[in-house]
Amino acid sequence: MAASSSNIRVFPHARDFRIDQQTINIIFGNVTNKGRDLILRLNPIADASHTRNRKTSPPDSSCFPGTRKGVIQEITIWADTGIALLRLKNRPMAAHVYWFHGFAGSGKSAISLEIARIYAGSGRLLASYFFFRNAGDRSGMSRFAVTLASQLAAAVPATTSFIQAAIDAEPGLLTPGVSLATQMERLVYEPFRAAVKRGVIVKALIKGPFVVVIDGLDECEDKQGVKEFIDHMLDYFQRHPSLPLRFFIASRVEEHIRTRLQNDGVLLGNLDSHSADKDIEMFLQGSFKAASANDRVVQEYVRTHGKWPTKSLMDQLVSHIGGSFVLASTIFKFVVQPATEEDSLTPMERLPLTLKINGLDSLYAQTLARSQHLPYFREIISTIALLIYPLSIGGLADLLGIEGFKVIHVLLNLQAIVHVPGADEGDNVTVCHTSLRDFLTEESRSGEFFAPPSFNLYLSYHAFSSIFEKSDGPAHEYGKGFFKGHWRSFVRPDECDFIKEVEQFKARQPLRIDGIPYSAFLCTVFFSCIFPKTFDDPLYALAESANQLALTVECSDHRIRLWLQEHFYFSRSLGLSTVQVNEETFETLKHGLQSASNAIRANFPGIPGLESRQSEQESEYRLLCSELWEEVHFSGINIFNILGWIVARAQFKWEEAKITPRRPLKLKIGAEHSDIHHVATVLSFD
């Protein structure tokens, strides 16, 4: 998993996409060449810290000047105390962890940012990490430890040699198979402890312990990883109670977090217990004053009628907001957003209407309705809600196969709830707060604006199609990295009626005029389903693979030749999976293969790798080798060859048995080592 010496990965599953090392210097500061090489080898997430561009890497929230002073003071008192003592069964212990919790939109991320800034300024910030749902690796735990280790190396250069020694001693430490607990102990806790024991950071420790800020832990989609992180962290501090290190963790109260952090060894901070009314009023007063300075309509209204908003209206607004900073921010943006043909109200007319809006859901629905009538509204909003990693305006347009101005047309009316970058910027389109994504993906809340899980099927196709488009665009890279992720989300049990949705998908073709035929996509993903057996009808997947293969190769499009030769990687079951091949499926496969064989000879003569005649004497079929047990990879040609072997071998087995009627045959699919480094996928009827 080591990166090259000159670049760093951002899309972990996409190939040939890099951000150069200058980004590392911006995010992690000036480090030595040795430290820079280590950071590149660790391959951290570049936009996870408090210094990220919050517009493109949410959450985009910060404390308004002069607000949240009391809350912040409580946290800094804890962090600045050498050893904060709690009483636990009549014995003291160090409170290394502060769990700061509150409801969605109460301002936790803004306070986390402020805490990170305070301790970065005093030289005591060890690392900061801001989780965010549907933000690629930032919504998981796979690169959490290496990202903290990278920031540790930059913040405390004396730890570099210890981190490097740990990697050298255990080369597999950076591979996916290593537990999170092991990575945290070897790459973060032990190097820091070793630097403390050597006495090389005494000057910094005079000011107080070092601090790690973790925000949005509830946004991490890897709940098991979160549990492992918390359990190991508490265990490590129990073993090393004098370690001068503090973890500030902010999150909502989720059960898998609460049951572990509601612990005698953890200080609890409840943001909901702090009244935010005065801070929200200060924020609104300052924000409306700044907006008025650039709005001639408001200026003229104030000249004629006096102060706006009035004290009475402001009091009503603060009371209505009920302590939610995200609601306050969204209402402000909603009030001052530019008028449109469909919504020509002035800010003065719009503000009283917000008092009738019942919380964020009503505000989200009212804002979304401003663009609901526009072409591609549903596709664009559902895409933003379900993307695994955010894209720019151009990336969204390329992914969906529409023109960029149509994306902008929809988004310009939604700037109160969605960050829309300028036309000359390459920044990503992101939601202003994760509660918008929650709203869009819960049908009981969003109603007509619901982004159904079944839309992942369409996103998977769009992403797959983008692989065969221009190779220098963000949609192309997104397609290579994430089309399988959307397919997995679609086939999740209980998410939707799988076969019904697929048939509806076929009926809606063509989804995009310039896209690769949908049959190539369906052939690929259906064939992948026979390996991990991700749904309950593998026979349907097998038969559809043959049908869609025949349809695909009837098209002489040059991209089909690429598809026939391109290898796609899929995860698979580590055990043995079986498929019952009956006579009906056999006939479907046989018919599809005959059609496909004729079309390939006519449209793609001389294509390499094609096995035109399968030997029924071969008792097993061995697919291309992989270096990973959990992966299988194949091309369109492989699909043709494997289906051909299945037909030939099944025919042989039935003729050999000489039993009528033909009983179903059990097709076994497993994996075995072909040599010391590679694993082969093996199919057999025996």
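In this text, all values refer to a predicted model and were calculated from it rather than measured experimentally. (Residues numbered from 1 in each chain as written. Predicted model: local features only at pLDDT ≥ 70, side-chain atom pairs only at ≥ 80, totals over all residues. Heavy atoms only, no water.)

Of regular secondary structure, the chain possesses 29 helices and 17 strands. Pairs at least 24 residues apart make up 76% of the contacts formed inside the chain by residues separated by at least 6 positions. For the chain, the accessible surface area stands at approximately 29,400 Å², while carbon and sulfur atoms represent 51% of it. (Helix = DSSP H or I, 4+ residues; strand = E, 2+ residues; numbered from the N terminus. Contact = heavy atoms within 4.5 Å. Areas by Shrake-Rupley, 256 points an atom, 1.4 Å probe, with all protein chains shown as cover.)

Next up on the list: helix H16 (residues 359-368). Residues Leu360, Leu363, Tyr364, Thr367 and Leu368 constitute the buried set of H16. The buried residues of H16 occupy an angular sector of 125 degrees when projected down its axis, which confines them to one face. Looking at the packing, one finds that the buried side of H16 touches helix H14 (325-336), helix H17 (377-386) and helix H20 (434-440). (Buried < 20%, exposed > 50% of the residue type's maximum accessible area, 1.4 Å probe, protein only. Arc of directions from axis to C-beta.)

Taken together, the 4 strands give an open sheet; going across it, the order is E13-E16-E17-E14, and neighbouring strands pair in antiparallel fashion. Looking at the sheet topology across the chains shown, the edges are occupied by strand E13 (577-581) and strand E14 (620-622). In this sheet, neighbouring strand axes are inclined to one another by 25 degrees on average, regardless of whether the strands run parallel or antiparallel. Sheet topology note: the E14/strand E17 (residues 679-684) ladder contains 3 bridges and is antiparallel. By the bridge assignment for E17, Glu620 is matched with Ser684. In this fold helix H29 (residues 636-657) packs onto E13, E14, strand E16 (665-673) and E17, with an angle of close to 130 degrees to the strand it touches most, E16. (Pairing = 2+ DSSP bridges. Axes fitted to C-alpha atoms, helices over the stretch in contact; angles between N-to-C directions.)

If you walk across this open sheet you meet the 5 strands as E6-E7-E8-E5-E9, and the pairing is parallel. On the outer flanks of this sheet lie strand E6 (125-130) and strand E9 (266-270), each paired with one strand and no other. Taking the axes of each pair of neighbouring strands and ignoring which way they run, one obtains an average angle of 15 degrees across the sheet. The sheet contact formed by strand E7 (residues 210-215) and strand E8 (residues 245-251) spans 6 bridges and is parallel. Bridged to Asp215 within E8 is Ala250.

Where a protein is soluble and globular, its nonpolar side chains tend to be buried together. The biggest cluster of nonpolar side chains holds 131 residues, and the ones touching the most others in it are Leu284, Leu549, Trp563 and Leu643. The biggest single contributor to this core is H29, with 10 residues. With near-sequence residues (within four places) excluded, Leu549 lies in contact with Cys523, Trp563, Leu593, Ala596, Gly636, Ile639, Phe640 and Leu643. Ranked by size, the runner-up nonpolar core spans 51 residues in total, among them Leu152, Ala166, Val188 and Leu245. (Core = buried A, V, L, I, M, F, W, Y, C linked by side-chain atoms within 4.5 Å.)

The next thing to look at is the pattern of salt bridges. Applying the stated criterion to the full structure yields 30 salt bridges. A salt bridge links Arg252 to Asp438; its shortest N-O distance comes to 3.2 Å. Taken together, the residues Arg252 in the loop between E8 and helix H10 (255-261) and Asp438 in helix H20 connect sequence positions 186 residues apart. Grouping residues by exposure puts Arg252 and Asp438 together as buried. Between Arg559 and Glu469 there is a salt bridge, with its nearest N and O atoms 2.9 Å apart. (Salt bridge = Lys/Arg side-chain N within 4 Å of Asp/Glu carboxyl O.)

On to the packing of aromatic side chains, then. Inspection of every chain in the model, using the stated rule, returns 48 aromatic pairs. Centre to centre, the rings of Phe229 and Phe247 are 6.0 Å apart; their planes meet at 50 degrees, and the pair counts as tilted. Of this pair, Phe229 sits in helix H9 (residues 223-239) while Phe247 sits in strand E8, and the two are 18 residues apart along the sequence. The exposure class of Phe247 is buried, given its relative accessible area of 0%. Arg52 extends its terminal NZ or CZ atom over the ring of Phe130, reaching a point 4.4 Å from the ring centre. (Phe/Tyr/Trp six-rings, centres within 6.5 Å; stacked < 30°, edge-to-face > 60°. Lys NZ or Arg CZ within 6 Å of the ring centre and 35° of its normal.)

The space that makes up the second largest pocket amounts to roughly 1,000 Å³. Around the second largest pocket, the lining comprises 48 residues; the ones closest to its centre are Asp60, Ser61, Ser329, Lys333 and Cys432. Residue assignment for the lining of the second largest pocket shows that the elements contributing at least two residues are helix H4 (108-121), E8, H14, strand E10 (418-419) and H20. In terms of residue count, the dominant contributor to the lining of the second largest pocket is H14 (7 residues). For the lining of the second largest pocket, the class distribution of residues is 22 nonpolar, 16 polar and 10 charged. (1 Å grid on protein atoms, 1.4 Å probe; cavity = no way out; pocket = protein on both sides within 12 Å on 5 of 7 lines; lining within 4 Å. Points joined across faces, edges and corners; volume = space filled by probe spheres on them. Nonpolar A, V, L, I, M, F, W, Y, C, P; charged D, E, K, R; others polar.)

Attention now goes to the packing of helix H25 (residues 518-528) against H29. It is the contact of H25 with H29, at a shortest axis distance of 11 Å, that shows an interaxial angle of 55 degrees. For the element pair H25 / H29, the angle class is oblique. Crossing hand, H25 versus H29: left-handed. Residue-level contacts link Cys523, Thr524 and Phe527 of H25 to Ile639, Ile642 and Leu643 of H29. (Parallel < 35°, antiparallel > 145°, perpendicular 65-115°, else oblique. Left-handed = near helix turned anticlockwise from the far one by under 90°.)

Packing of helix H18 (residues 393-400) against helix H23 (residues 474-490) leaves a shortest axis separation of 8 Å and a crossing angle of 65 degrees. Here H18 and H23 pass one another in a crossing that is right-handed. Contacts between H18 and H23 involve Gly395, Asp398 and Leu399 on the former and, on the latter, Pro474, Ala475 and Tyr478. The residue inventory of the contact of H18 with H23, partitioned by class, reads 4 nonpolar, 1 polar and 1 charged.

Further remarks concern the pairing of E13. Only one face of E13 is covered, namely the one carrying Ser577, Val579 and Val581; the face carrying Thr578 and Gln580 has none of its residues buried. Two strands pair when backbone bridges link them, and E13 and E16 are joined in this way by 5 bridges, in the antiparallel orientation. When the bridges of E16 are listed, Val581 appears paired with Leu665.

Relative to the helices and strands, Asn413 resides in the loop between helix H19 (404-411) and E10. In this structure Asn413 comes out as buried when scored by relative accessible area, which is 9%. At a separation of 3.2 Å, a polar atom in the side chain of Asn413 contacts the side chain of Ser371. Leave out the neighbours within four places in its chain, and Asn413 touches Gln337, Thr340, Thr367, Arg370, Ser371 and Leu374. (Polar contact = N/O pair within 3.5 Å; in protein donor to acceptor, adjacent residues only side chain to side chain.)

With that out of the way, let us pick up empty space enclosed by the protein. Taken as a whole and assessed by the stated rule, the structure comprises 4 cavities of 30 Å³ or more. Considered as a void within the structure, the largest cavity measures approximately 90 Å³ in volume. In terms of residue class, the lining of the largest cavity is made up of 9 nonpolar, 2 polar and 2 charged.

Below, the discussion takes up H19. Three or four residues apart is the spacing at which side chains of an α-helix point the same way, because the helix has 3.6 residues per turn. Along H19, the positions that sit buried rather than exposed are Val407, Val410 and Leu411. Relative to the axis of H19, the buried residues are bounded by an arc of 95 degrees and lie together on one face. Residues of H19 that are buried sit in contact with H17 and H18.

Let us look at the confidence of the model for the chain. Per-residue confidence for the chain gives a mean pLDDT of 86, with 88% of residues at or over 70. Ranking the elements of the chain by mean pLDDT puts strand E2 (residues 19-20) last with 36 and E6 first with 98. Under a pLDDT of 50 for its full length, residues 1-28 has, in the predicted model, 68 contacts with residues more than four places off or in other chains. Segment residues 84-93: pLDDT under 50, and 19 contacts once partners within four positions in sequence are set aside and those in other chains are kept. (pLDDT = per-residue confidence, 0-100.)

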